[in-house]
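Structural overview
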Amino acid sequence: VQGALWGGRFAGGPADALAALSKSTHFDWRLAGYDIAGSRAHARVLHTAGLLDDEELAGMLAALDALDADVRSGAYAPAESDEDVHGSLERGLIERAGPALGGKLRAGRSRNDQIATLGRMYLRDHARIIATGVLATVDALVEQAEKHLGVAMPGRTHLQHAQPVLLSHHLLAHAWALLRDVQRLMDWDKRAAVSPYGSGALAGSSLGLDPNAVAAELGFDSAVWNSIDGTASRDVYAEFSWVAAMIGVDLSRISEEIIIWATKEFSFVTLDDAFSTGSSIMPQKKNPDVAELARGKAGRLIGDLTGLLATLKGLPLAYNRDLQEDKEPVFDAADTLEVLLPAVSGMIATLTFNTERMQALAPQGFALATDIAEWLVRQGVPFREAHELSGAAVQLAESRGVELWDLTDEDYAGISGHLTPEVRSVLSTEGSLDSRSAQGGTARSAVEAQLVALKSELDTA
Ligand code: ARG
């Protein structure tokens, strides 16, 4: 078969339908630079093993450099007849080095160990780009948190008013989740930094090639200890995809809040014009499309992960062609996050908060009821009873259509002798916030300590 890597035992070429099905150059060509880097390293171990002489190694490396330059400039691109990136690049190498020399490079390696290695190289580079984008989002959250220190907002559970919190505390909650995602990528990289090159098709090579020399040249920490594992496993891809999906979910949760906050009813935030869109029919519209796309793309990232896991689940060892389906999901995950993260970080960095409204709403909806109960506990009342008494105050206020601080001293005394006028010390947003000063709490002092802790973790990311 003209140009193919495996024609020898076949009487004729593949059916057009098979060739069309089999083809992967339209998505694996982005690995070309990594394939050439792998080829350089492979040429060197062939030389060390005595399978290429000095002159052949020099010729091979020169041909690979020429091919690399042509791939970069676009002068060399996959032909219609090329099945995958590996076959196409071998064709390009032979065109430059001649068949006598170019035909020697394939010794001792297989597309199975090549592709497993190139995928890890690609994902490791893109994990760094993604981590940088996530850190920019964390920075945007931290900057907004620092800018608004002291501003209270309604803290919610079940989307209902729960207890007042600091806006900074809320924003930093998202920052911690994203920081853990970065830490996950860093931890993942330890497992990704192991090279499958040298595993051959599945059983290793008989040619005396040193897998660790290839691994070192390609920036890996070491080579795999098991050639079957090296060629057949894709858990490293799946783990990357899981972290990507988790980042998508974390961005989606921030985005959902921004969408809600930007409604007329909430009016907590105004989106910058540069990060909002209009309507083709309704002239007044200002839409949170960045946040909506983030929410939508989280679904796509989850789909990439579940698609990949479904591909892997029934595969016997070692390589099966199903594994060609491993690339598009992880490439899509990387592409998606790389286009999404700058938009989300920009949207967050340019948000304007309606701090007066947030502050005013913070204690409303009986959000200080827990403070009354905890104040009673500090007076020696068992919490079970304190909860009941505070609940009675809520019921009274609700029946009158007023807030807890509108009840009179007599109202409180009528509920319980424990509810002396001193209870008013906690019937303010400030009193409520200040009292939650232990580590992790929403008091300003605790949030300031939290910022120091977060930044010191950021320094190690
Ligand atoms: N294009 C293939 C892939 O992506 C490369 C490995 C092909 N190996 C094989 N034995 N057909 O998985």
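Residues numbered from 1 in each chain as written. Predicted model: local features only at pLDDT ≥ 70, side-chain atom pairs only at ≥ 80, totals over all residues.

Quick notes on the overall build of the chain
- Along the chain, the regular secondary structure elements total 18 helices and six strands.
- Radius of gyration (C-alpha) of the chain: 31 Å, far over the 23 Å computed for a compact globule of 461 residues.
- Each principal axis of the C-alpha distribution contributes one length, and for the chain these read about 100 × 55 × 40 Å.
- Here the analysis covers contacts within the chain between residues at least 6 apart in sequence; of these, 75% occur between residues at least 24 apart. (Helix = DSSP H or I, 4+ residues; strand = E, 2+ residues; numbered from the N terminus. Rg over C-alpha atoms; globule rule 2.2 N^0.38 Å. Contact = placed C-beta atoms within 7 Å.)

So, the UniProt feature "domain: Argininosuccinate lyase C-terminal" (unreviewed entry) in the chain
- UniProt tags residues 366-433 as "domain: Argininosuccinate lyase C-terminal" (unreviewed entry).
- Secondary structure within residues 366-433 divides into 59% helix and 0% strand; the distance between the first and last C-alpha atoms comes to 15 Å. (UniProt positions renumbered as here; feature names shortened; annotations may be inferred.)

Examining the packing of helix α4 (residues 54-73) against helix α5 (residues 85-102)
- Axis separation between α4 and α5 bottoms out at 9 Å; the angle between their running directions is 155°. Comparing their axes, α5 and α4 come out roughly antiparallel. Regarding α4 and α5, the two cross each other, and that crossing is right-handed. Taken together, the residues of α5 that come into contact with α4 (itself represented by Glu56, Gly59, Met60, Ala63, Leu64, Ala66 and Leu67) are Leu89, Gly92, Leu93, Arg96, Ala97, Leu101 and Gly102.
- Taken together, the residues that form the contact of α4 with α5 break down as nine nonpolar, three polar and two charged. (Axes fitted to C-alpha atoms, helices over the stretch in contact; angles between N-to-C directions. Parallel < 35°, antiparallel > 145°, perpendicular 65-115°, else oblique. Left-handed = near helix turned anticlockwise from the far one by under 90°. Nonpolar A, V, L, I, M, F, W, Y, C, P; charged D, E, K, R; others polar.)

Description of the site of the ligand
- Every residue close to the ligand is listed here: Ser24, Asp28, Asp84, Arg111, Asn112, Ile115, Tyr319, Arg321, Leu323 and Gln324.
- Looking at the shell around the ligand, the element that brings in the most residues is helix α6 (residues 111-147), giving three residues.
- By residue class, the composition of the shell around the ligand is three nonpolar, three polar and four charged.
- Residue contributions to the shell around the ligand reach at least three from each of two domains, namely domain 1 (16-107) and domain 2 (112-360). (Near = placed C-beta within 6 Å. Domains from an automatic or database assignment.)

Overview of the domain arrangement of the chain
- As assigned here, the chain comprises domain 1 (16-107), domain 2 (112-360) and domain 3 (369-427).
- For domain 1 versus domain 2, the distance between C-alpha centres works out to 32 Å.
- On the side of domain 2, 18 residues touch domain 1, which itself brings 19 residues to the contact.
- When residues of the side of domain 1 that touches domain 2 are traced back to their parent elements, those giving at least two are α2 (25-28) and α3 (32-48).
- Per-element accounting of the side of domain 1 that touches domain 2 gives the leading share, 10 residues, to α3.
- Grouping the amino acids of the side of domain 1 that touches domain 2 by side-chain chemistry returns 10 nonpolar, five polar and four charged.

Digging into the packing of helix α10 (residues 235-261) against helix α12 (residues 327-349)
- Look at α10 against α12: their axes get within 10 Å of each other, and the N-to-C directions meet at 30°. By the angle between their axes, α10 is roughly parallel relative to α12. Relative to α12, the crossing made by α10 is left-handed. Contacts between α10 and α12 involve Tyr237, Phe240, Ser241, Ala244, Ile247 and Leu251 from the former and Pro329, Val330, Ala333, Leu337, Leu340 and Val344 from the latter.
- Across the contact of α10 with α12, the residue classes break down as 11 nonpolar, one polar and no charged.

Examining unusual backbone geometry
- Of note, the bond from Leu317 into Ala318 is cis; its omega dihedral lies within 30 degrees of zero at 0°.
- Positive phi is not limited to glycine here, since His158 has a value of about 55°.
- Here His158 falls in the exposed class, since 6 other C-beta atoms lie within 10 Å of it. (Buried ≥ 20, exposed ≤ 12 C-beta atoms within 10 Å, placed from the backbone.)

A few points about the pairing of strand β1 (residues 152-157)
- For β1 and strand β2 (residues 160-166), the ladder comprises six bridges, and the chain directions are antiparallel. By the bridge assignment, Ala152 is partnered in β2 with Leu166.
- Taking the residues between adjacent antiparallel strands as the criterion, β1 and β2 are bridged by two residues, where His158 takes a positive phi near 55°. (Pairing = 2+ DSSP bridges.)

Points about the environment of Thr429
- Positionally, Thr429 belongs in helix α17 (residues 429-434).
- In the structure, Thr429 is positioned 61 residues away from Leu368 in sequence and 7.7 Å away in space, judged by C-alpha atoms.
- The residues contacting Thr429, other than those within four sequence positions of it, are Ala152, Pro164, Ala362 and Pro363.

Here's the deal with the environment of Gly401
- Counting through the fold element by element, Gly401 comes out in the loop between α15 (383-400) and α16 (409-415).
- A tally of 7 C-beta atoms within 10 Å means that Gly401 is categorised as exposed.
- Note: C-alpha distance between Gly401 and Ala97 (304 residues apart in sequence) is 87 Å.

Let's talk about the environment of Leu57
- Note that Leu57 resides in helix α4.
- For Leu57, a count of 18 C-beta atoms within 10 Å puts it in the partly exposed group.
- Spatially, the C-alpha atoms of Leu57 and Pro211 are 18 Å apart, while their sequence positions differ by 154 residues.
- When neighbours within four sequence positions are excluded, Leu57 is seen to be in contact with Ala43, His47 and Leu52.

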